[in-house]
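# Understanding the architecture of this molecule
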Amino acid sequence: MKRRLLAGAVATVLAGSLAACSPEPRPNDGPNRPGESNSSSAPTETESPEEPAGPTDEELIARASVLAQGYDYKAALAEIKDVSSPEADAARTEIESAKAAAKVWPTPNQIPHLFFHSLVVDTDRAFDGDDRQQGYLDYMVTLTEFNAILDELYARDYVLVNPKYFAGLNKEKKMAYRDIKLPEGKKPLVISVDDMSYYEYMDGDGFATKSVLTEDGSVLNEYTTADGEVKIGAYDVQAVVDEFVDEHPDFSYRGSKGILALTGYNGVFGYRTSDREYGDSPTLESDKAEATKIADALKEDGWVMASHSWGHRSMGTVPMDKMKFDLNLWDREVRPILGKTDQFIYAFGGDISGVPPYSGPRYELLREHGFRFFYGVDGTTTAWMQQGAGYQRQMRINIDGLQFAKELKGDRPVLSTFFDVKTVMDPARP
């Protein structure tokens, strides 16, 4: 569980319990004017300043509660190991009980993965009949639809999980499945977001335009209304998920959020960071610096970074020389911003193999670039995974207008496992 999530959730937990015991303000309580002090005697120059107080017992218990809601029972107990009070004893008993009741997820090789593109915020501008409308209808969902999908996923007891929690290298340096422990009825789920770059072609079409790092460490979105008003808020998948998990800590396994797949040709997070494409830009270096801060904050808050290739290349069919060029360019321009990652999400779902296990020069090249987790696309089944000695592979279900249409036609429907398409569809969708 990350600091921003803990801070928000702890504040909520404490609000009710502390309000009742807060003293009435004295008439002279409140902010002082410059040079004034509420103290009857100001400290002299020889007095040492007070050490900042650590968290109170109540705050530690609240932190433990949030961690336990996110199924991190070990960390929850560690928070209150030195707290001695009836309230702490009761919290320990509750956490130990939840820990004992949690069960190992029996099929770690059968975990579903849903993926999204950027959300349509203003349907009037996105679905305005121009030459981009059909692409938005086919490959995007609206902000209204995404909010409804989250509500249904939560109601059906799905829990977001980072792939590193269910698979990783063992002592022999071979890929192996790991235990995930959840309460009875809870089900792990991976989500990801493709192309969180806010491409230039989307400008003016009713989408968020960039990610913005706020003073409290949150990452929100910049969005410009049709009237030209610039707003900062939760207007895309990542920020909406962050707010949802803040309100529902039990929707996230140990602070997990999802995977963000980034190309490089238009930069990342809405910042034009490519030397190749924006070498003459006077804001190039400042864009890189801001994008790096955003990547660091997102990782701290439970998000995983992934390569989506530099130029949105289909790695299963692109000529080998172009594949090498693209991987090198992504390493040079994007990896320094995102940091270390071993995650690769195929553009266009262009996997390098079908059902057969990975082998051959394309796989070896991806391995040389440090990738161990791979994600293709298969919208015909609720879950498909494959593990080799050196890799973990998982197929993703596209959540978009194309998949909605297949579901409504009864063409090998899979989305009904996660939500009711008719219930979540935005009435503004043509």
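Residues numbered from 1 in each chain as written. Predicted model: local features only at pLDDT ≥ 70, side-chain atom pairs only at ≥ 80, totals over all residues. Heavy atoms only, no water.

Another aspect to go through is the overall build of the chain. A tally of helices and strands in the chain yields 15 helices and 16 strands. Counting over 430 residues, the chain shows a buried share of 50%. In the chain, the share of contacts with a sequence separation of at least 24, taken over all contacts with a separation of at least 6, comes to 69%. Counting only carbon and sulfur atoms, one obtains 51% of the accessible surface of the chain, whose full area is about 20,600 Å². (Helix = DSSP H or I, 4+ residues; strand = E, 2+ residues; numbered from the N terminus. Buried < 20%, exposed > 50% of the residue type's maximum accessible area, 1.4 Å probe, protein only. Contact = heavy atoms within 4.5 Å. Areas by Shrake-Rupley, 256 points an atom, 1.4 Å probe, with all protein chains shown as cover.)

Looking at the element boundaries, Lys288 is found in helix α10 (residues 284-300). Within polar-contact distance, the side chain of Lys288 engages the side chain of Asp275 at 2.7 Å. Those residues in contact with Lys288 that lie beyond four places of it in its chain are Thr273, Asp275 and Ile337. (Polar contact = N/O pair within 3.5 Å; in protein donor to acceptor, adjacent residues only side chain to side chain.)

An order of β8-β9-β10 is seen for the three strands of this open sheet, with the pairing classed as antiparallel. Two strands close off the open sheet at either side, each with one partner strand: β8 (210-213) and β10 (230-233). Strand-to-strand twist in this sheet, taken as the mean axis angle between neighbours without regard to direction, amounts to 35 degrees. When β8 meets strand β9 (residues 219-224), the two strands line up antiparallel, connected through four bridges. Bridging from a neighbouring strand, Lys210 pairs with Glu222 of β9. Here helix α8 (residues 237-247) sits on the sheet and contacts β9 and β10; the angle it forms with β9, its principal contact strand, is near 130 degrees. (Pairing = 2+ DSSP bridges. Axes fitted to C-alpha atoms, helices over the stretch in contact; angles between N-to-C directions.)

With that out of the way, let us pick up the pairing of β10. Direction of pairing for β9 relative to β10: antiparallel, over a ladder of four bridges. Considered in β10, the bridge of Glu222 is made with Ile232. As consecutive antiparallel partners, β9 and β10 are separated by five residues, and within that stretch Gly228 has a phi angle of approximately 90 degrees, a positive value.

A separate point is the packing of aromatic side chains. Two measures describe an aromatic ring pair: the distance that separates the ring centres and the angle between the ring planes. Evaluated as defined, the whole model comprises 23 aromatic pairs. Residues Tyr71 and Tyr253 carry aromatic rings whose centres are separated by 6.3 Å and whose planes lie at 20 degrees to one another, so their mutual orientation is stacked. Pair noted here: Tyr71 is in the loop between α2 (57-69) and α3 (73-79) and Tyr253 is in the loop between α8 and β11 (259-262), with a separation of 182 residues, a long-range link. For the pair shown, Tyr71 and Tyr253 are each scored as buried. A centroid spacing of 5.7 Å and a plane angle of 80 degrees characterise the contact between Tyr154 and Phe244, whose relative ring orientation is edge-to-face. One end of the pair, Tyr154, is in helix α7 (residues 143-155); the other, Phe244, is in helix α8, and 90 residues separate them in sequence. Note on Phe244: relative accessible area 9%, which makes it buried. A connected cluster of aromatic rings, assembled from ring pairs, spans Trp330, Phe344, Tyr346, Tyr358, Tyr363, Phe371, Phe374 and Tyr391. Geometry around Tyr158 places Lys187 over its ring, the cationic atom sitting 4.3 Å from the centre. (Phe/Tyr/Trp six-rings, centres within 6.5 Å; stacked < 30°, edge-to-face > 60°. Lys NZ or Arg CZ within 6 Å of the ring centre and 35° of its normal.)

Next up on the list: the pairing of β11. Each regular strand displays side chains that alternate between the two surfaces of the sheet. Burial of the side chains of β11 extends over both faces: Ile259 and Ala261 are buried on one face and Leu260 and Leu262 on the other. Bridge count between strand β7 (residues 187-194) and β11: three bridges; the pairing is parallel. When the bridges of β11 are listed, Ser192 appears paired with Ile259. Alignment of β11 against strand β12 (residues 304-307), held across four bridges, turns out to be parallel. Of the residues in β12, the one forming a bridge with Ala261 is Ala306.

Moving on, we come to empty space enclosed by the protein. The probe, sized like a water molecule, is rolled over the atoms to show the empty space still left. Applying the stated criterion across every chain, the model contains two cavities of 30 Å³ or more. Considering only enclosed or pocket space, the largest cavity measures out at about 40 Å³ in volume. Considering the residues around the largest cavity, the lining is formed by Val161, Asn162, Pro163, Val190, Ile191, Ser256, Lys257, Gly258, Ile259, Gly302 and Val304. If you go around the second largest cavity, the residues you meet are Tyr198, Tyr199, Met202, Asp203, Phe207, Ala208 and Thr209. (1 Å grid on protein atoms, 1.4 Å probe; cavity = no way out; pocket = protein on both sides within 12 Å on 5 of 7 lines; lining within 4 Å. Points joined across faces, edges and corners; volume = space filled by probe spheres on them.)

With that settled, consider the nonpolar core. Among the nonpolar cores identified, the biggest contains 70 residues, and Phe269 and Ile399 are the most heavily contacted of them. With six residues, the top contributor of residues to this core is α8. Among residues more than four places away in sequence, those in contact with Phe269 are Met196, Ser197, Tyr198, Lys210, Ser211, Leu262, Ala291, Ile294, Ala295, Leu298, Met305 and Leu338. (Core = buried A, V, L, I, M, F, W, Y, C linked by side-chain atoms within 4.5 Å.)

Helix packing for two helices is described by the angle between their axes and how far apart those axes are. One can describe the packing of α7 onto α8 by two numbers: an axis separation of 11 Å at closest approach and a directional angle of 40 degrees. In terms of axis orientation, α7 runs oblique to α8. Judged by the twist between their axes, the crossing of α7 over α8 is right-handed. Contacts between α7 and α8 involve Leu143, Phe146, Asn147, Leu150, Asp151 and Tyr154 from the former and Val237, Val240, Val241 and Phe244 from the latter. Here the contact of α7 with α8 is composed, by residue class, of eight nonpolar, one polar and one charged. (Parallel < 35°, antiparallel > 145°, perpendicular 65-115°, else oblique. Left-handed = near helix turned anticlockwise from the far one by under 90°. Nonpolar A, V, L, I, M, F, W, Y, C, P; charged D, E, K, R; others polar.)

With that settled, consider the pattern of salt bridges. A complete count under the given rule lists 20 salt bridges for this structure. Residue Asp82 pairs with Lys81 through a salt bridge whose shortest N-O separation is 3.0 Å. This pair shows no difference in class: Asp82 is exposed, exactly as Lys81 is. In this structure, the salt-bridge partner of Lys288 is Glu285, at a minimum N-O distance of 3.5 Å. (Salt bridge = Lys/Arg side-chain N within 4 Å of Asp/Glu carboxyl O.)

One turn of an α-helix holds 3.6 residues; hence residues three or four places apart share an orientation. The end-to-end C-alpha separation of α2 is 18 Å, in line with the 18 Å expected for 13 residues at 1.5 Å each. Taken together, the buried positions of α2 are Leu60, Ile61, Ala62, Ala64, Val66, Leu67 and Ala68. At the C-terminal side of α2, Tyr71 shows a positive phi close to 70 degrees. (Expected span 1.5 Å × (residues − 1).)

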